[in-house]
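So the chains spell out like this:
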Amino acid sequence: MIQENLKKIKATLPNNVTLVAVSKTKPVEDLQDAYDAGQRVFGENKIQEMVDKFDVLPKDIQWHMIGHLQSNKVKYMAHFVNLIHGVDKLKTLKVINKEAKKHNRVINCLLQAKIAEEDSKFGLSFADIDSILHSDDFAALENINVAGFMGMATFTSDENQLNNEFSSLKKFFDKQKEAIELSNCNLEILSMGMSGDYPLAIENGSTMVRVGSAIFGSRNYN
Ligand SMILES: *Cc1c(COP(=O)(O)O)cnc(C)c1O
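Computed from a predicted model, the values in this text were never measured in an experiment.

A. Structural view of the pairing of strand β4 (residues 83-87). Most of β4 sits inside the fold, with 5 of its 5 residues counted as buried. Of the strand pairs in this sheet, strand β3 (residues 62-65) and β4 are connected by 2 bridges, and their pairing is parallel. Residue pairing in the sheet places His64 in a bridge with Leu83 of β4. Where β4 meets strand β5 (residues 107-113), 3 bridges bridge the pair, whose relative direction is parallel. Bridge pairing in β5 links Ile84 to Cys109. At this point the chain moves from β4, through helix α4 (residues 90-102), to the parallel β5, and the crossover so formed is right-handed.

Listed below in structure tokens is the structure:
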């Protein structure tokens, strides 16, 4: 089932869109199944769970951390994580930078923008992102690269609202991409869209979709 789901979803994705298979809460057998069908990019939302899976699965997997970050746990994934999606504080960027430096790496990060109307979601306002990217503190971080932005839309079936939320981030992304010239900020990735809304996110310029339940089936928790 997993392999069929993957195949169906991949067939609908434009070439420039990366599929992150969100495997949180799923057993390693399920990830191996997806891997055997050619999937190489996986997303997890808990650092310890991602580390446990990294340890036992093939080493050419790219691991994305998509969950809200606890700064004190960044060190456990600093040697292998490929992309951290949910960064919503300058302080967290500093922690990631420090841990990346210990491993002589540059860690790619996405700043999480708050685009949803509902206020339970994490994320920075556009103004906050703008001021982080223009701060001296940010310019001094040599072991991170802000590779783009991530956004989560409101949980709704209202397509108008989803379009508005996704397109607002796309507009902001394009403006920043044009304006920013910093060696540690190269805006290429716009991470928007989940199982329920990824086709709309792609219509609105997403280059990376995070799809869990549509591949692996529904989760019992999380
Ligand atoms: C769980 C999760 C997803 C995937 O959600 P599905 O609806 O199962 O596709 C995507 N992004 C984030 C940040 C998540 O936590």
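B. Broad picture of the pairing of β5. Among the 7 residues that make up β5, 6 are buried, leaving the element largely enclosed by the rest of the structure. The pairing of β5 with strand β6 (residues 144-151) spans 7 bridges and is parallel. Bridge pairing in β6 places Cys109 opposite Val146.

C. Representation of the site of the ligand within the structure. Neighbouring residues of the ligand: Val22, Lys24, Ile66, Met150, Met152, Met194, Ser195, Arg210, Val211, Gly212, Ser213 and Arg219. Note that a nitrogen atom of the ligand is positioned 2.9 Å from one of the side-chain N or O atoms of Arg210. Contacts to the ligand include Gly212, whose backbone N or O atom sits 2.8 Å from an oxygen atom. In the complex, 89% of the free accessible area of the ligand, which totals 390 Å², lies under the protein chains.

D. How the structure looks around the UniProt feature "modified residue: N6-(pyridoxal phosphate)lysine" (unreviewed entry) in the protein. UniProt's feature table lists "modified residue: N6-(pyridoxal phosphate)lysine" (unreviewed entry) at Lys24, given in the numbering used throughout. Within the element layout of this structure, Lys24 appears in the loop between β1 (18-22) and α2 (28-36). The class of Lys24 is buried, set by a relative accessible area of 15%. The contacts of Lys24, once residues within four sequence positions are left out, are Gly43, Glu44, Asn45, Glu49, Lys53 and Arg219.

E. Local environment of the side chain of Lys26. Among the structural elements, Lys26 can be located in the loop between β1 and α2. An unpaired buried charge is present at Lys26: no salt bridge exists, and Asp30, the closest side chain of opposite charge, is 5.2 Å distant. A polar side-chain atom of Lys26 sits 2.9 Å from the main-chain carbonyl oxygen of Ser218.

F. Summary view of the pattern of salt bridges. A full pass over the atoms with the stated rule returns 7 salt bridges. One salt bridge connects Glu49 with Lys53, and the closest N-O pair in it is separated by 2.8 Å. Of this pair, Glu49 and Lys53 are both found in helix α3 (residues 47-56), 4 residues apart, which corresponds to roughly one turn of the helix. Each member of the pair Glu49 and Lys53 is classed as buried. A salt bridge links Glu99 to Lys102, with the nearest nitrogen and oxygen atoms 3.3 Å apart. Of the two residues, Glu99 and Lys102 both sit in helix α4, 3 residues apart, roughly one turn of that helix.

G. Expanded view of the nonpolar core. Ranked by internal contacts, the top residues of the largest apolar core, which has 65 residues, are Leu93, Phe138 and Phe149. Once residues within four sequence positions are removed from consideration, Leu93 is found in contact with Val87, Cys109, Leu111, Ile132, Phe138, Leu141, Ile144 and Val146.

H. Main features of α3. What α3 keeps buried is the set Ile47, Glu49, Met50, Val51, Lys53 and Phe54. Summarising the contacts, the buried residues of α3 are in contact with α2, β2 (41-44) and β3.

I. Inspection of the packing of helix α5 (residues 126-133) against helix α7 (residues 159-179) at higher detail. Two numbers describe how α5 lies on α7: the axes approach to 12 Å, and their chain directions differ by 20°. Classed by the angle they form, the pair α5 and α7 counts as roughly parallel. When the axes of α5 and α7 are compared, the crossing they make is right-handed. Packed against α5, whose contacting residues are Phe126, Ile129, Asp130 and Leu133, the element α7 presents Ser168, Leu169, Phe172 and Gln176 at the interface. Split by residue class, the contact of α5 with α7 holds 5 nonpolar, 2 polar and 1 charged.

About the cut-offs
Residues numbered from 1 in each chain as written. Predicted model: local features only at pLDDT ≥ 70, side-chain atom pairs only at ≥ 80, totals over all residues. Heavy atoms only, no water. Buried < 20%, exposed > 50% of the residue type's maximum accessible area, 1.4 Å probe, protein only. Helix = DSSP H or I, 4+ residues; strand = E, 2+ residues; numbered from the N terminus. Pairing = 2+ DSSP bridges. Right-handed = clockwise from strand over helix to strand, strands pointing away. Near = heavy atom within 4 Å. Polar contact = N/O pair within 3.5 Å; in protein donor to acceptor, adjacent residues only side chain to side chain. Areas by Shrake-Rupley, 256 points an atom, 1.4 Å probe, with all protein chains shown as cover. UniProt positions renumbered as here; feature names shortened; annotations may be inferred. Contact = heavy atoms within 4.5 Å. Lys, Arg positive; Asp, Glu negative; His and termini not counted. Salt bridge = Lys/Arg side-chain N within 4 Å of Asp/Glu carboxyl O. Core = buried A, V, L, I, M, F, W, Y, C linked by side-chain atoms within 4.5 Å. Axes fitted to C-alpha atoms, helices over the stretch in contact; angles between N-to-C directions. Parallel < 35°, antiparallel > 145°, perpendicular 65-115°, else oblique. Left-handed = near helix turned anticlockwise from the far one by under 90°. Nonpolar A, V, L, I, M, F, W, Y, C, P; charged D, E, K, R; others polar.

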